[in-house]
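Chain and residue survey
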Amino acid sequence: MENGFTKTILVTGGAGFIGSHVVRRFATRYPQYRIVCLDALTYAGNLENLRDIEALPNYAFSHTDLLDMQALQQVFATYGITDVIHLAAESHVDRSILSPLDFVYTNVIGTVNLLEAAKKAWQGSTDGRRFYHISTDEVYGALGDTGFFTETTPYDPHSPYSASKASSDHFVRAYGDTYGLPVVISNCSNNYGPYQFPEKLIPLFINNVVNGKPLPVYGDGLYTRDWLYVLDHASAIDVVFHKAPLHSTYNIGGFNEWRNIDLITLLCRLMDEKLGRAEGESKKLITYVKDRPGHDRRYAIDATKIKQDFGWTPAVTFEQGLAATIDWYLANQEWMNHITAGTYRQYYETQYANR
Ligand code: NAD
Ligand code: DAU
């Protein structure tokens with residue numbers, strides 16, 4: 001026990017989308033834990049995501065890049081880190097197609113740096129410690145019309161993003177097997193909710209509907225994703241962190257598959273209602289564009305293991321979560337404006353220029 005705290009948890013990527021929900025959940029539910037949020041504040045990291053909790057006495061922020069090994073070791077020593085929840089990553093598939101090396105640096109080398117820093121800091125004893133790596137269902141590749149990804153599905157990544165996440169998963173397991181590092185991994189399906197950067201489908205399309213801009217649907221729009229509300233992912237991370245046996249893997253998802261075009265149609269209908277527009281108005285913005293290269297046809301998580309072992313299931317239905325998400329973005333347009341005014345605009349123009 002250090003400074004009266006029973007654990008000091010390093011949450012990497014805590015200023016990003018999912019990380020900020022994890023930091024908020026842990027800092028508010030567990031005053032006995034100290035939460036150290038480590039983030040390089042890339043384009044995706046935003047301290048505005050944590051403004052409501054930054055004054056809590058058990059919260060600290062470290063502006064550190066995973067690529068800076070010396071600084072990482074310093075963070076472990078300064079705070080006496082007992083546990084890690086590792087979310088920091090380059091996370092957007094389209095950006096990985098434009099700049100794959102950025103994904104190798106942060107997702108692969110950054111993860112190995114973090115593993116190495118934990119190994120060095122914990123070499124006396126790993127008792128009661130945990131290195132929890134947050135990963136994605138994309139490592140399993142693509143499904144046909146039927147079937148699910150289970151924890152034993154072979155890895156088959158197709159994008160530079162998923163290849164870099166697969167590589168990071170392999171390194172985490174290798175550090176568990178070779179050095180006895182107390183590792184745990186979870187692989188989750190597509191998240192949505194407040195504070196998601198507007199490069200991802202749902203916040204991008206909400207923002208474009210608000211501004212009357214085209215909704216760029218890739219390919220035939222019949223790609224399928226399995227959506228989970230981000231607060232449900234945070235609750236699953238809480239359960240896995242506290243209960244999963246060391247060296248185990250858990251898939252996280254809500255059995256909630258949607259074809260892109262069906263999801264977009266529902267989103268447009270809800271947006272018409274909330275913005276007081278005539279029914280069908282937002283749908284007119286749908287524009288079919290050139291497909292994403294290597295686009296995975298379907299993802300679907302089998303989340304039976306986490307339910308059977310710990311009784312975890314999502315608390316929020318998709319209709320509730322999507323409505324709450326739209327409400328949040330409409331009520332927080334200043335947050336969105338701060339992002340879209342910056343360098344994001346340049347990315348948006350490059351990404352959608354020739355589609
Ligand atoms: P995000 O892009 O919103 O946030 C990533 C955070 O990592 C940002 O705050 C960024 O500043 C930080 N970061 C990036 N490079 C860094 C570096 N070199 N050093 C330190 N910090 C750095 O991502 P997200 O959507 O919140 O995803 C978080 C994690 O969850 C990722 O590992 C991702 O692979 C995984 N995941 C995401 C989803 C999803 O649907 N978004 C689903 C499953 C798994
Ligand atoms: O499955 C988990 C993964 O989900 C996470 O690991 C990733 O970090 C996260 O970005 C997400 O990846 P996707 O590629 O599935 O998410 P994205 O929001 O980029 O796209 C969702 C679907 O919508 C996908 O089939 C591509 C399509 N799409 C996306 C954009 C941005 C469009 O049709 N048009 C768009 O403009």
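Before reading further, recall that the structure is shown in the block above.
Residues numbered from 1 in each chain as written. Chains lettered and ligands numbered in written order. Predicted model: local features only at pLDDT ≥ 70, side-chain atom pairs only at ≥ 80, totals over all residues. Heavy atoms only, no water.

1. Looking at the nonpolar core
Phe 26, Ile 85, Tyr 132 and Ile 306 are the most contacted members of the largest nonpolar core, which totals 42 residues. Every element with two or more residues in this core is listed here: strand S1 (7–12), helix H1 (17–29), strand S2 (33–39), strand S5 (130–136), strand S6 (183–188), helix H7 (230–243), strand S10 (249–252) and helix H9 (304–310). In terms of residues, this core owes the most to one element, H7, which gives six residues. Discounting residues that sit within four places of it in the chain, Tyr 132 has contacts with Val 84, Ile 85, His 86, Val 184, Ile 185, Ser 186, Ile 237, Val 240, Phe 241 and Ile 252. The next biggest cluster of nonpolar side chains, apart from the first, holds 39 residues, and it includes Tyr 195, Val 230, Cys 268 and Tyr 347. (Core = buried A, V, L, I, M, F, W, Y, C linked by side-chain atoms within 4.5 Å. Buried < 20%, exposed > 50% of the residue type's maximum accessible area, 1.4 Å probe, protein only. Helix = DSSP H or I, 4+ residues; strand = E, 2+ residues; numbered from the N terminus. Contact = heavy atoms within 4.5 Å.)

2. Focus on the site of ligand 2
Surveying the vicinity of ligand 2 reveals 26 residues, the closest of which are Thr 136, Asp 137, Tyr 161, Arg 292 and Tyr 352. Contact between ligand 2 and Glu 138: an oxygen atom at 2.7 Å from a side-chain N or O atom of the residue. Here ligand 2, which alone exposes 700 Å², has 95% of that area covered by the protein. Counting residues per element, the ones that place at least two in the shell around ligand 2 are helix H3 (93–98), helix H6 (201–210) and strand S8 (215–218). Here the residues of the shell around ligand 2 are counted per class, giving 12 nonpolar, seven polar and seven charged. (Near = heavy atom within 4 Å. Polar contact = N/O pair within 3.5 Å; in protein donor to acceptor, adjacent residues only side chain to side chain. Areas by Shrake-Rupley, 256 points an atom, 1.4 Å probe, with all protein chains shown as cover. Nonpolar A, V, L, I, M, F, W, Y, C, P; charged D, E, K, R; others polar.)

3. Section: the pattern of salt bridges
In the structure shown here, the tally under the stated rule is 14 salt bridges. For Asp 52, the salt bridge identified is with Arg 24, shortest N-O distance 2.9 Å. Taken together, the residues span a long stretch of sequence, with Asp 52 in the loop between S2 and strand S3 (59–63) and Arg 24 in helix H1 at a distance of 28 residues. Exposure remark for Asp 52: the relative accessible area of 52% places this residue in the exposed category. Judged by its relative accessible area of 15%, Arg 24 is buried. Across the pair Asp 262 and Arg 259 runs a salt bridge whose closest N-O atoms are separated by 3.0 Å. With relative accessibility at 31%, the residue Asp 262 sits in the partly exposed group. Residue Arg 259 is classed as partly exposed on the basis of its relative accessible area, which comes to 38%. Each of the salt bridges in this network shares a partner with another, and the network as a whole consists of Arg 25, Arg 29 and Asp 238. (Salt bridge = Lys/Arg side-chain N within 4 Å of Asp/Glu carboxyl O.)

4. Considerations on unusual backbone geometry
The residue Tyr 195 is not glycine, and still its phi comes out positive at about 70°. Of note in the backbone geometry, Phe 255 takes a positive phi value of approximately 45° without being a glycine.

5. A few points about the site of ligand 1
Around ligand 1 sit 28 residues in total, of which Ile 18, Asp 39, Ser 91, Tyr 161 and Lys 165 are the nearest. One nitrogen or oxygen atom from the side chain of Ser 91 is found 2.7 Å from an oxygen atom belonging to ligand 1. Put simply, the parts of the chain that give the shell around ligand 1 at least two residues each are H1, S5, helix H5 (160–179) and strand S7 (190–192). At three residues, the largest contribution of residues to the shell around ligand 1 is made by S5. Partitioning the shell around ligand 1 into residue classes produces 13 nonpolar, 12 polar and three charged.

6. A word on the sheet that holds strand S9 (residues 224–229)
Within the open sheet, the three strands sit side by side as S7-S9-S11. Their pairing is mixed. Looking along the sheet, the strands with just one partner apiece sit at the ends: S7 and strand S11 (257–259). Neighbour to neighbour, the strand axes of the sheet diverge by 50° on average, direction disregarded. Looking at chain direction, S7 and S9 are connected through three bridges and run parallel. If you follow Asn 190 over to S9, its bridge partner there is Trp 227. Relative to the sheet, H7 contacts S7 and S9, its axis offset from that of S9 by approximately 70°. (Pairing = 2+ DSSP bridges. Axes fitted to C-alpha atoms, helices over the stretch in contact; angles between N-to-C directions.)

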